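# Chains, contacts and geometry: an overview
So you can see what is in the structure, the chains are spelled out below.
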Amino acid sequence: MNNLRLSSKLDIIKPSASLQVANRAKELKREGRDIVDLSLGQPDFPVPESIKTGLFTALEENKTGYTESQGVLELRKEIAAQYKGVKAEQIVVCSGCKLGIYLTLEAIVDPGDEVVLIEPFWVSYVHMVTLCGGKSVNLKTSKHKGFIPSIDELKALISDKTKAIILNNPNNPGGIMLPKELLDQIVELAKEHQLFIIADEIYSDILFDKNSFHSLCHYDYERIIITNGFSKNFAMTGLRLGYIVAHSEIAAAINKLHQHVGTCAPSIAQYSIIGNMEEAYEVDVQTMVSTYKRRRDLLIEGFKNTIFSIIIPQATFYMLLDISKLGMKSLEASSYLLEEFGVATVPGIAFGESIDDYVRISFATSEKVLQKAIERLSEVKAIG
Ligand SMILES: Cc1ncc(COP(=O)(O)O)c(C=O)c1O
């Protein structure tokens, strides 16, 4: 159709590099090919029983109307209690962590402002920054340093246009965690330049090997905004429940936007959490994390006799495979693994140029499927 006169904003948002491979995987599946799909980014577990009961109860009690825009007070109190010294007025509950990040960026970014992203980063950040009129500035990292930047590398990117830094810790796509010393330095740097820090902590409950997580809520700096949610830890991606934790004035500003674009998070999802969080953590989250760990260990073992070296994830359900022995960059490698071996992965380039020698796989799938993937990927030979 000619001249639809859609917004020019859409021209600057590029389709994700991963879509190309994902669409081809769908096509092959439709044609009847047996594809081992390791590209998915959501837990393969059911919602915890206590949350399920909470959902049914909320429905039975007809709690299906709009709620307070900022989120049901009881829920906000329970979320606040997870963070030391935080009050309910500092929480905004919304439809997923993703919306929380977008609202936060809308609340702080003016046209021309720069937002620093650390590679590898979650794909959506770039597009959200662009939609807000900002410019993302990518901090490159290297495999030799485990994709952990130095504070000097970060400092070098700060200018008078810099407004914020986004940290995703632990990160998607690698399950990489930023060391506490670096977080200390980043907060100091942010204070010095009065920068906002958006700390996306959505994977903070999925930790392995007794890694302890250092939330940004431990720092006394009013421009830190934490985004989190229940999609990953409680395996409820489709129920759309996320939240932000911020200084009360920032929370109020974000909620002002939320009132107009989101109204409120789904009511039954909000009520389902109230009074049920503890049981979900004790029973379900523990089981999920130990299952993810078993799968991760299976992959670590399985990839030993392949051409792929891996980055051992300390958290999340993602793993990065080094594909450099294929003599291809990630998009080509991802297509090759799909077409020739029937394994769907996400090309590293989707997460920044620094990891174009990697593809991301997800282990949010059964051991049987992972075993099959290992068998297929063991057949892959180095090229060149
Ligand atoms: C790093 C990161 N942040 C945020 C999200 C979005 O989570 P939600 O489903 O709560 O919107 C995802 C989902 O894949 C993610 O990987």
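Note that residues are indexed from 1 along each chain, following the sequence as it is written. Side-chain atom pairs in this predicted model are given and counted only at pLDDT of 80 or more, local residue features only at pLDDT of at least 70, and totals for whole chains, interfaces and linings cover all residues. Only hydrogens and water are set aside when side-chain values are computed; all heavy atoms of the structure are taken into account.

## Examining the sheet that holds strand β13 (residues 358-362)
Rules: By the convention used here, strands pair only if DSSP detects at least 2 bridges between them. Per the convention used, a helix needs a DSSP run of H or I reaching at least four residues, while a strand needs a run of E reaching at least two, with both numbered from the N terminus.
As summarised here, the arrangement of the four strands in space is β9-β10-β13-β12, forming an open sheet in which the pairing is antiparallel. Of all strands in the sheet, those with a lone pairing partner are β9 (309-311) and β12 (346-347), marking the two edges. Both β12 and β13 contribute to a ladder of two bridges, which runs antiparallel. Considered in β13, the bridge of V346 is made with R360.

## Let's talk about the pairing of strand β2 (residues 91-94)
Our working definition: Buried residues are those whose accessible area, probed at 1.4 Å on protein chains only, stays under 20% of the maximum for their type, while exposed residues exceed 50% and partly exposed ones sit between those limits.
Side-chain alternation along β2 places I91 and V93 on one buried face and V92 and C94 on a second face that is also buried. Here four bridges tie β2 to strand β8 (residues 242-245), and the two strands are oriented antiparallel to one another. Opposite V93, over in β8, you have Y243 as the bridge partner.

## Some points on the packing of aromatic side chains
Rules: Two rings from Phe, Tyr or Trp (for Trp, the six-membered ring) form a pair when their centres sit within 6.5 Å of each other. Planes less than 30 degrees apart are called stacked, planes more than 60 degrees apart edge-to-face, and all others tilted. Whether a charge lies above a ring is judged from NZ of Lys or CZ of Arg, which has to be within 6 Å of the ring centre and within 35 degrees of the ring normal.
Counting across every chain of the model gives 15 aromatic pairs. Among the aromatic residues, those joined into a cluster by ring pairs are F45, Y203, F208, Y292, F317, Y318 and F363. The aromatic ring of Y271 is capped on one face by K63, whose charged end is 4.7 Å from the ring centroid. One residue, R223, lies across the ring of F196, its end atom 5.8 Å from the ring centre.

## A short note on the site of the ligand
Basically, it comes down to this: Residues are classed as near a molecule or strand on a simple rule: at least one heavy atom within 4 Å of it. Any pair of nitrogen or oxygen atoms within 3.5 Å is treated as a polar contact; in protein, a donor-acceptor pairing is required on top of that, and neighbouring residues in sequence qualify only through side-chain atoms on both sides. The Shrake-Rupley method, run with a 1.4 Å probe sphere, supplies the accessible areas, and residue values consider only the shown protein chains as cover. Put simply, Ala, Val, Leu, Ile, Met, Phe, Trp, Tyr, Cys and Pro go in the nonpolar bin, Asp, Glu, Lys and Arg in the charged bin, and everything else, Gly too, in the polar bin.
Contacts to the ligand come from 13 residues, most closely from C97, D200, Y203, K232 and R240. Note that an oxygen atom of the ligand is positioned 2.7 Å from one of the side-chain N or O atoms of K232. Within the side chain of R240, a nitrogen or oxygen atom sits 2.7 Å from an oxygen atom of the ligand. Contact with the protein chains covers 92% of the free accessible surface of the ligand, which is 400 Å². Tallied by class, the residues present in the shell around the ligand amount to five nonpolar, four polar and four charged.

## Overview of the pattern of salt bridges
Defined as follows: Each reported salt bridge corresponds to a side-chain nitrogen of Lys or Arg within 4 Å of a carboxyl oxygen of Asp or Glu.
One pass over the full model with this rule turns up 25 salt bridges. With a closest N to O distance of 3.7 Å, K145 and E153 form a salt bridge. Take K145: its relative accessible area is 51%, and that puts it in the exposed class. Among the ionic contacts, a cluster of salt bridges with common partners joins D209, K293, R296 and D297.

## Brief notes about the domain arrangement of the chain
Operational definition: In this document the domain limits rely on a domain assignment from an automatic tool or a database. Throughout, a contact is declared for two residues whenever any of their heavy atoms are within 4.5 Å. Summed over both partners, the accessible surface that disappears when two parts come together, traced with a 1.4 Å probe, is what is meant by buried area.
Assigned domains of the chain: these are domain 1 (9-46 + 279-377) and domain 2 (57-276). Its C-alpha centre places domain 1 at a distance of 24 Å from the equivalent point of domain 2. With 39 residues of domain 1 at the interface, the matching set in domain 2 holds 34 residues. For the pairing of domain 1 and domain 2, the buried interface totals around 3,300 Å² over both sides, and the portion due to carbon and sulfur atoms is 62%. Three residues stand out in domain 1 for area buried against domain 2, namely Y281, Q314 and F351, and they jointly supply 20% of the buried area on that side. Linking domain 1 with domain 2 are three salt bridges, by the criterion used here.

## Thoughts on the packing of helix α5 (residues 97-108) against helix α9 (residues 248-261)
For any two helices packed against each other, one specifies the crossing angle of their axes together with the interaxial distance. Quick reminder of the rule: Only the stretch in contact is used when fitting a helix axis, every axis being a line fitted to C-alpha atoms; angles between N-to-C directions are given from 0 to 180 degrees. In this scheme, a crossing is called left-handed if the near helix is turned counterclockwise away from the far one by less than a right angle; it is called right-handed if the turn is clockwise.
It is the contact of α5 with α9, at a shortest axis distance of 9 Å, that shows an interaxial angle of 115°. For the crossing formed where α5 meets α9, the hand is right-handed. Where α5 abuts α9, its residues L99, L103, T104, E106 and A107 lie against I254, L257, H258 and V261. Taken together, the residues that form the contact of α5 with α9 break down as six nonpolar, two polar and one charged.

## Remarks on the sheet that holds strand β5 (residues 162-168)
Strand order in this open sheet of seven strands is β2-β8-β7-β6-β5-β3-β4, and the pairing throughout is mixed. For this open sheet the edge positions go to β2 and β4 (135-139), each flanked by a neighbour on one side alone. Averaged over all pairs of adjacent strands, the angle between strand axes in this sheet comes to 20°, irrespective of strand direction. Most of the contacts of helix α4 (residues 73-81) go to β2, to which it runs at about 120°, and overall it touches β2 and β8.

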